[in-house]
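One-letter residues, chain by chain:
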Amino acid sequence: MEELKKLEEAQRMITLMESHALLSSSSSNNRFLANLFLLLIQQCGDLDFKDKLSLINQHLPKISDSFLEEASLLFNRKEAVLQTESKFIANSNGDMEDMALVGLDAMQRANSTLEDFCRSYFMFHEMDINKPRSIFKYLPLLSYTESYIYQMDSLNEKIVNMQTNRVGAIERKPHMEVSERWIGKSIDMLKNDPFRPLLDQLQHHGLLTERINEEFRFGEEYWDLERKLCSALMNQTEILVEDVMRAIHLKSFDYRVLNLLLYQLRGEKVNDVHMEFLSISEFLVEVSDDLDNGFFGYCYDLCSKHDQLPNMKNSYGNADDVLENNFNILRMFVRIYGPAMAPAMLAKYIAEAEEKYDSLLKTLDPQLSRNYQRRCEEATTEGGKMSGYPLGTWNIPPAIVDEELYRSNRLNSESVVTLG
């Protein structure tokens, strides 16, 4: 746990360094500088920051390579560092230059996705989630991969928020303001092979396939579309429904990466029938998640299955995404078709996907089909973002037509509560 804390502190310091244009071109250099800055801010007697910098300037010219070598041997630091880092990443060739650092926050966020993946996808590999000994050996790599993806995804979301001057919306704080230079460098990183450190690890362990590589490219494409579409919403520029549908289909690329990795880990041939079925299920889950973004909505009858009129609630299903300017399919449809037509147009896409889902469900083994439908029911009961969509009962919430006014009102109301 102590090692995890140190890595998290180093990652936070690197983020601070980015905002002050103190980054080097090398990840190893950045890690060294982060550790140095962390040392400088530690309390040491009555020394203040000025005293510490003066000491460094005074003694740095006297420090030689031979002195550091002697100190390294005396304290056995090289071995200690390698042992610590090997707990988090396997890299037997010793080249740590492009090591994929993963923060504790990303690991914690990845846990719910990993749990859902295990409960929903393991059955497609004839694995019993209730027999942990048979699955533990796969979890470290799956967890590491999902955590890395979450870390990059969080960076992309931060870029989207900061590009639109919506840093955390309601939770905006002065120290979170980041320079345009940081935004530009971060976008460059996300556009220039952001998964390379992770891909190198998978390649080193003989797990990287062209299909897995392709899914990672789809992930990069999704982030690019998310930035483009969310920027278009804020800047009142044109949004194409083709881009929106492409984005929502790409969004679950992490589940497909994990599933393909599991095939590789188990030495199995990829089952394309299962992959196609799960792809449609993933689409329905993403849509459902966008329509139930932490708020109650009202029931919109998609297929004339209910005679009762919808029960209106004074809330909005995509409110969180509006506040933080995140990608949300309902937001996009409201912009394209207007608030009156958006629900009906979205219902059309949902109905088409459900029809395909039902058709593919019949191609599954009967027992697998029953198990998956049972899992969907569990997920629906549990709530939250799970792999099961609402089984024919869809909630399309009232649209937030004037997003800027909504954000302003929420910000003002929260400010009043804080002051009170």
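Residues numbered from 1 in each chain as written. Predicted model: local features only at pLDDT ≥ 70, side-chain atom pairs only at ≥ 80, totals over all residues. Heavy atoms only, no water.

Some details on the pattern of salt bridges
Rules: Whenever Lys or Arg places a side-chain nitrogen within 4 Å of a carboxyl oxygen from Asp or Glu, that contact is recorded as a salt bridge. The helix and strand labels rest on DSSP assignments: H or I over at least four residues marks a helix, E over at least two residues marks a strand, and numbering proceeds from the N terminus. Residue exposure (1.4 Å probe, protein chains only): buried if accessible area is under 20% of the type maximum, exposed if over 50%, otherwise partly exposed.
For the structure on display, the rule yields 18 salt bridges. Between Glu276 and Lys356 there is a salt bridge whose closest N-O contact spans 3.9 Å. With Glu276 in helix H13 (residues 272–291) and Lys356 in helix H15 (residues 329–361), this residue pair connects regions lying 80 residues apart in the sequence. A relative accessible area of 40% means that Lys356 is categorised as partly exposed. Counted as one network, the salt bridges with shared partners bring together Glu115, Asp116, Arg119, Arg375 and Glu378.

A few points about the confidence of the model for the chain
Low-pLDDT portions of the prediction should not be read for the details of their coordinates. The criterion, for reference: Each residue carries a pLDDT score, the predictor's own confidence in it, on a scale running from 0 to 100. For this analysis, residues touch if any pair of their heavy atoms sits within 4.5 Å.
When pLDDT is averaged along the chain, the result is 77, and 74% of the positions lie at 70 or above. In this model, residues 293–315 is a region of pLDDT below 50 whose contacts with residues beyond four sequence positions or in other chains number 43 contacts. Counting contacts from residues 384–388, a segment whose pLDDT is below 50, to residues more than four positions away or on other chains yields 18 contacts.

Quick word on the environment of Asn35
Within the element layout of this structure, Asn35 appears in helix H2 (residues 27–40). The exposure class assigned to Asn35 is partly exposed, which follows from its relative accessible area of 43%. As for Asn35 and Glu9, which are separated by 26 residues in sequence, their C-alpha atoms are 8.8 Å apart.

Observations regarding a nonpolar patch on the surface
Just so we agree on the cut-off: For patch building, the residue pool is restricted to those with more than 30% relative accessible area and no salt bridge; the joining distance is 9 Å between like charges and 5 Å between nonpolar side chains (Val, Leu, Ile, Met, Phe, Trp, Tyr). Each accessible area is a Shrake-Rupley estimate made with a 1.4 Å probe; only the visible protein chains count as cover when residues are assessed.
Taken together, the side chains of Leu60, Ile63, Phe67 and Leu68 define a hydrophobic patch exposed on the protein surface, amounting to about 400 Å² of accessible area. Here Leu60 is to be found in the loop between helix H3 (49–59) and helix H4 (65–75). On the basis of relative accessible area, Leu60 is assigned to the exposed category, the value being 53%.

Brief notes about the packing of aromatic side chains
Here is the rule we go by: Side-chain rings of Phe, Tyr and Trp (the six-membered ring for Trp) are treated as a pair once their centres are within 6.5 Å; stacked means planes under 30 degrees apart, edge-to-face means over 60, and tilted covers the remaining angles.
Under the counting rule described, the total for this entry stands at 16 aromatic pairs. Geometrically, the ring pair formed by Phe124 and Tyr372 is edge-to-face, given 5.4 Å between the ring centres and 70 degrees between the ring planes. Note that Phe124 is positioned in the loop between helix H6 (104–121) and helix H7 (139–163) and Tyr372 in helix H16 (residues 366–382), a separation of 248 residues in sequence. Here Phe124 falls in the buried class, since its relative accessible area comes to 6%. We classify Tyr372 as buried; its relative accessible area is 1%. Ring plane angle 65 degrees and centroid distance 6.2 Å describe the contact between Phe195 and Phe253, whose orientation is recorded as edge-to-face.

A closer look at helix H11 (residues 241–250)
Note that an α-helix has 3.6 residues per turn; residues three or four places apart therefore point the same way. Counting buried residues in H11 gives seven out of ten residues, a clear majority hidden from the surface. What H11 keeps buried is the set Val241, Asp243, Val244, Met245, Ala247, Ile248 and Leu250. Where H11 is buried, its residues touch helix H10 (210–235), helix H12 (253–265), H13 and H15.

Some words on unusual backbone geometry
Glycine aside, a negative phi is what most residues show, and trans is what most peptide bonds show. Despite not being glycine, Glu126 has its phi angle at roughly 55 degrees, a positive value. In this structure, Glu126 sits in the loop between H6 and H7. One non-glycine residue, Gln236, lies in positive phi territory at about 60 degrees. Topologically, Gln236 is positioned in the loop between H10 and H11.

Overview of the environment of Gln201
One can find Gln201 in helix H9 (residues 196–204). Taking the C-alpha atoms as reference points, Gln201 and Leu141, separated by 60 residues in sequence, lie 9.9 Å from one another.

Some points on the side chain of Glu282
Note the threshold: The term polar contact refers here to a pair of N or O atoms within 3.5 Å; inside protein, the definition further demands a hydrogen-donor-capable atom paired with an acceptor-capable atom, and it admits residues adjacent in sequence only when both atoms are side-chain atoms.
Along the chain, the position of Glu282 falls in helix H13. With a relative accessible area of 5%, Glu282 lands in the buried category. A polar contact is formed between the side chain of Glu282 and the side chain of Tyr121, at a distance of 2.6 Å. The residues contacting Glu282, other than those within four sequence positions of it, are Tyr121, Ser252, Tyr255 and Arg256.

Examining the packing of H10 against H11
To be explicit about the condition: Angles here are taken between N-to-C directions and fall from 0 to 180 degrees, while the axes themselves are lines fitted to C-alpha atoms, restricted in helices to the stretch in contact. The scheme is simple: roughly parallel for angles under 35 degrees, roughly antiparallel for over 145, roughly perpendicular for 65 to 115, oblique for anything else. Crossing chirality is assigned from the near helix's rotation relative to the far helix, an anticlockwise turn below a right angle marking it left-handed and a clockwise turn marking it right-handed.
Close contact between H10 and H11 brings their axes to 9 Å; oriented N to C, the two are set at 135 degrees. Taken together, H10 and H11 sit at an angle that is classed as oblique. At the point where H10 passes H11, the crossing takes the left-handed sense. Facing H10, whose interface residues are Phe218, Glu221, Tyr222, Leu225, Lys228 and Leu229, H11 presents Asp243, Val244, Arg246, Ala247 and Leu250.

Brief notes about the nonpolar core
The cut-off we apply is this: Among buried residues, those of type Ala, Val, Leu, Ile, Met, Phe, Trp, Tyr and Cys that are joined through side-chain atoms within 4.5 Å constitute a nonpolar core.
In terms of nonpolar packing, the biggest core is built from 82 residues, with Leu142, Phe216, Phe277, Val287, Phe327 and Leu346 touching the most fellow members. The biggest single contributor to this core is H15, with twelve residues. Leaving out residues up to four positions away in the same chain, Phe277 has contacts with Phe124, Tyr357, Leu360, Leu361, Leu364 and Tyr372. The next biggest cluster of nonpolar side chains, apart from the first, holds five residues, and it includes Ile14, Met17, Ala34 and Leu38.

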